[in-house]
Amino acid sequence: MAELVFWCAAVLLVHTYFFYPLVLFAMDGVAQVVHNLRYMRSGANQRRAEPVGLAPRVSLVVAAYNEASCIQQKLGNSLALNYPAERFEVLIGSDGSSDGTDELVMACTDERVRLSAAARGGKTSVLNRCIPMAGGDIVVLSDANTMIEPEAIRRLVRHFEDPEVGAVCGQLRLYNPTKAEYEESTYWTYESLIKFYEGKRGAVMGANGGLYAIRRSLFQPLPASTIVDDFVIPLRILEQGYKVVYEPEAVAHEETTEDYDKEFGRRARIAAGNFQSLRMVPRLLSPLAGFPAFAFWSHKLLRWCAPALMALAFVANLLLVNSIFYRFTLMGQVLFYALALLGKTGALKGTARRVASVAYYFVTMNLAIAVGFWRFLRNSQRAAWDRTARVSS
């Protein structure tokens, strides 16, 4: 029994972190071959015609809570985006801000900027209020501390020429102004690569709140208790039968935090929201949903189970130490956790330090998932969010 538990846990862990990405790469290769064969058989030799007509109306919706330190920069960045001014608006949804955020927004004289202020109710209440009142057919969602590159809106919007596309996720690049290296960057690059290949299948498993776009008509009001809106909104659109794609050339930038306790709390909050979301997207749990269900189980559900799988693998391995083979597997696990501990202390240098840092990030990420699961079971994670402290520029 211990051997069965060990191998089941190990295979599921390897699948979610390694096999699933390899399956995506392989599927993309097969899809490309099929596409080329169809192209050759059709005899097509003309490039796709450029779209004609007006650009769709776009509303940039930003949920803000006490963002006085960055809201003016956000407004300046938003109004400088390369999109037809007469077909673009910026809607700031203030969630009971008390630090002067509302006054700074009202001081902006550009007629494209609107403010919707209400008592504090959490980000979900802001989105439920602001998205239906947006004037654009396409709603781009972003955070107050996220700075968007000039061409990003055009690159998101062009995908909606396809009527089957319901949401488009942009690429969020993290940066730290005081450190040349940051342990999250490696994992973030890995996740972005998976999103890229999921996007080719039209089934990106969730967006990042920093930059993504949806058809306003597909938005369904969220329960007030929703914690991870940027995960639930795209998946609900996927459940409706529309594609959720990824646009790596639509880029936004966001500063990371130096406060690791708050960063851990943010990850635990997201984890609690992930478990909560299961009841909001039930159809994706069914194999009848096809590839989206396979992606959901492989990329998300198994990741959320990773802390339990890691614990099961370790305990089962302890029961198998009479075998030389399992002594080596146990040694490997112990060395990995020791490496993570060294990553926390920063005792290593150079490449070894970077490897240890990634191991530490991986372990703490899964510890945060475990904490989030506990909060989910106790229903102790509130939906309203707090600003993440950032380095002063």
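These figures come from a predicted structure and were not determined experimentally. (Residues numbered from 1 in each chain as written. Predicted model: local features only at pLDDT ≥ 70, side-chain atom pairs only at ≥ 80, totals over all residues. Heavy atoms only, no water.)

1. Points about the overall build of the chain
Note the following rule: Numbered from the N terminus, helices here are DSSP runs of H or I no shorter than four residues, and strands are runs of E no shorter than two. Where accessible areas are quoted, they stem from the Shrake-Rupley method and a 1.4 Å probe; at the residue level, only the protein chains shown are allowed to cover.
The helix and strand tally for the chain stands at 12 helices and 8 strands. Within the structure as shown, the chain displays about 19,400 Å² of accessible surface, and the carbon and sulfur contribution to it stands at 60%.

2. Regarding helix H7 (residues 229–239)
Operational definition: The buried label goes to any residue with under 20% of its type's maximum accessible area, the exposed label to any with over 50%, and the partly exposed label to all in between, with areas taken from a 1.4 Å probe on protein chains only.
Most of H7 sits inside the fold, with 11 of its 11 residues counted as buried. Those residues of H7 that fall on the buried side of the exposure criterion are Asp229, Asp230, Phe231, Val232, Ile233, Pro234, Leu235, Arg236, Ile237, Leu238 and Glu239. Of the residues flanking the end of H7, it is Gly241, one or two places downstream, whose phi is positive at about 100°.

3. Details of the side chain of Asp230
Inclusion rule: Asp and Glu count as negative and Lys and Arg as positive, but His and the ends of the chain are not part of the count. Criterion for a salt bridge: a side-chain nitrogen of Lys or Arg within 4 Å of a carboxyl oxygen of Asp or Glu. Two N or O atoms form a polar contact when they lie within 3.5 Å of each other; inside protein one atom must be a possible hydrogen donor and the other a possible acceptor, and for residues adjacent in sequence the pair counts only when both atoms belong to side chains. Note on contacts: a residue pair is in contact if any heavy atoms of the two residues lie within 4.5 Å.
Checked against the element boundaries, Asp230 lands in helix H7. Among buried charged residues, Asp230 stands out as having no salt bridge; its nearest opposite-charge side chain is Lys123, 5.6 Å away. For Asp230, the side chain forms a polar contact with the main-chain nitrogen of Gly209, separated by 2.7 Å. With residues near it in sequence (within four places) discarded, Asp230 still touches Gly206, Ala207, Asn208, Gly209 and Tyr212.

4. Here's the deal with the confidence of the model for the chain
So the rule is basically this: Each residue carries a pLDDT score, the predictor's confidence in it, ranging from 0 to 100.
Predicted confidence across the chain gives a mean pLDDT of 88, with 88% of residues reaching 70 or more. Mean pLDDT in the chain bottoms out at helix H1 (residues 2–42), which sits at 83, and peaks at strand E7 (residues 211–215), which reaches 97. Low pLDDT, under 50, characterises residues 44–52; the predicted model gives this stretch 4 contacts beyond four residues in sequence or across chains. Below a pLDDT of 50 lies the segment residues 389–393, which in the model reaches 10 contacts outside its immediate sequence neighbourhood of four places, other chains included.

5. Observations concerning the nonpolar core
Which entries qualify depends on this criterion: Definition of nonpolar core: a set of buried residues of the types Ala, Val, Leu, Ile, Met, Phe, Trp, Tyr and Cys, connected through side-chain atoms within 4.5 Å.
Within the largest apolar cluster, 47 residues are counted, with the highest numbers of intra-cluster contacts made by Leu141, Ile214, Ile233, Leu235 and Phe296. Aside from chain neighbours lying at most four places away, what touches Ile214 is Ile131, Asp137, Ile138, Val139, Leu141, Phe160, Gly166, Ala167, Phe219, Ile233 and Ile237.

6. As for helix H12 (residues 350–378)
Let me state the cut-off plainly: Here the expected span of a helix is defined as 1.5 Å times the quantity of residues minus one.
Helix length check: H12 (29 residues) gives 42 Å between terminal C-alpha atoms against 42 Å at 1.5 Å per residue, within 8%. Every buried residue of H12 is accounted for by Ala356, Ser357, Ala359, Tyr361, Phe362, Thr364, Met365, Asn366, Ala368, Ile369 and Gly372. Asn379 sits one or two positions beyond H12 and adopts a positive phi of about 55°.

7. Things to note about the packing of helix H11 (residues 324–345) against H12
The criterion, for reference: As a rule, the C-alpha atoms of each element are fitted with a line to give its axis, helices using only the stretch in contact, and angles between N-to-C directions run from 0 to 180 degrees. Note on terminology: angles under 35 degrees are roughly parallel, angles over 145 are roughly antiparallel, angles of 65 to 115 are roughly perpendicular, and the others are oblique. Gly is put with the polar residues, along with every residue not named as nonpolar or charged; the nonpolar set is Ala, Val, Leu, Ile, Met, Phe, Trp, Tyr, Cys and Pro, and the charged set is Asp, Glu, Lys and Arg.
For the pair H11 and H12, interaxial distance at closest approach is 7 Å and the crossing angle is 105°. Classified by the angle between their axes, H11 and H12 sit roughly perpendicular to one another. Touching Phe336, Tyr337, Leu339, Ala340, Leu342, Gly343 and Lys344 of H11 are Val355, Ala356, Ser357, Ala359, Tyr360, Phe362 and Val363, all from H12. In the contact of H11 with H12, the residues fall into 11 nonpolar, 2 polar and 1 charged.

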